[in-house]
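Below, each chain spelled out in residue letters.
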Amino acid sequence: MNKQMTNVLIIGATGSIGSVTRKYFLENTDDQLTLMSRYPQKLGQLNECREHAIAGSVMEQTDVRRLLYDI
């Protein structure tokens, strides 16, 4: 059976919960990660094959809409 590729959105990826969640997915899955943060430069080195970072805030409705349609 072929596993369908999953894209996981982590909002607040530079926060404490977001950082732990990111690490878990990288270590335990093959999923693609979209990392949303107000300060994506704080994410450090990205896994170019699996991670995509975008700047934005969950408090900004336009950022959330853009995310949902771009993923």
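Our structure's up above, just so we're on the same page.
Rules used throughout
Residues numbered from 1 in each chain as written. Predicted model: local features only at pLDDT ≥ 70, side-chain atom pairs only at ≥ 80, totals over all residues. Heavy atoms only, no water. Core = buried A, V, L, I, M, F, W, Y, C linked by side-chain atoms within 4.5 Å. Buried < 20%, exposed > 50% of the residue type's maximum accessible area, 1.4 Å probe, protein only. Contact = heavy atoms within 4.5 Å. Pairing = 2+ DSSP bridges. Helix = DSSP H or I, 4+ residues; strand = E, 2+ residues; numbered from the N terminus. Axes fitted to C-alpha atoms, helices over the stretch in contact; angles between N-to-C directions.

Pulling in residues and values, what's your account of the nonpolar core?
Grouped together as the largest cluster of nonpolar side chains are seven residues: Val8, Ile10, Ala13, Phe25, Leu33, Leu35 and Leu43. Aside from chain neighbours lying at most four places away, what touches leucine 43 is Ala13, Thr14, Arg22, Leu35 and Ala53.

Go over the sheet that holds strand S1 (residues 7-11) with me, naming the residues and quoting the values.
Reading across from one edge, S1-S2-S3 is the order of the three strands in this open sheet, with parallel pairing throughout. Only two strands of the sheet have a single neighbouring strand rather than two, namely S1 and strand S3 (51-55). The sheet shows a mean angle of 20° between the axes of neighbouring strands, direction not considered. Note: S1 against strand S2 (residues 32-37), five bridges, orientation parallel. Bridge assignment links isoleucine 10 to a residue of S2, and that residue is leucine 35.

The analysis is restricted to geometry; functional conclusions fall outside its scope.
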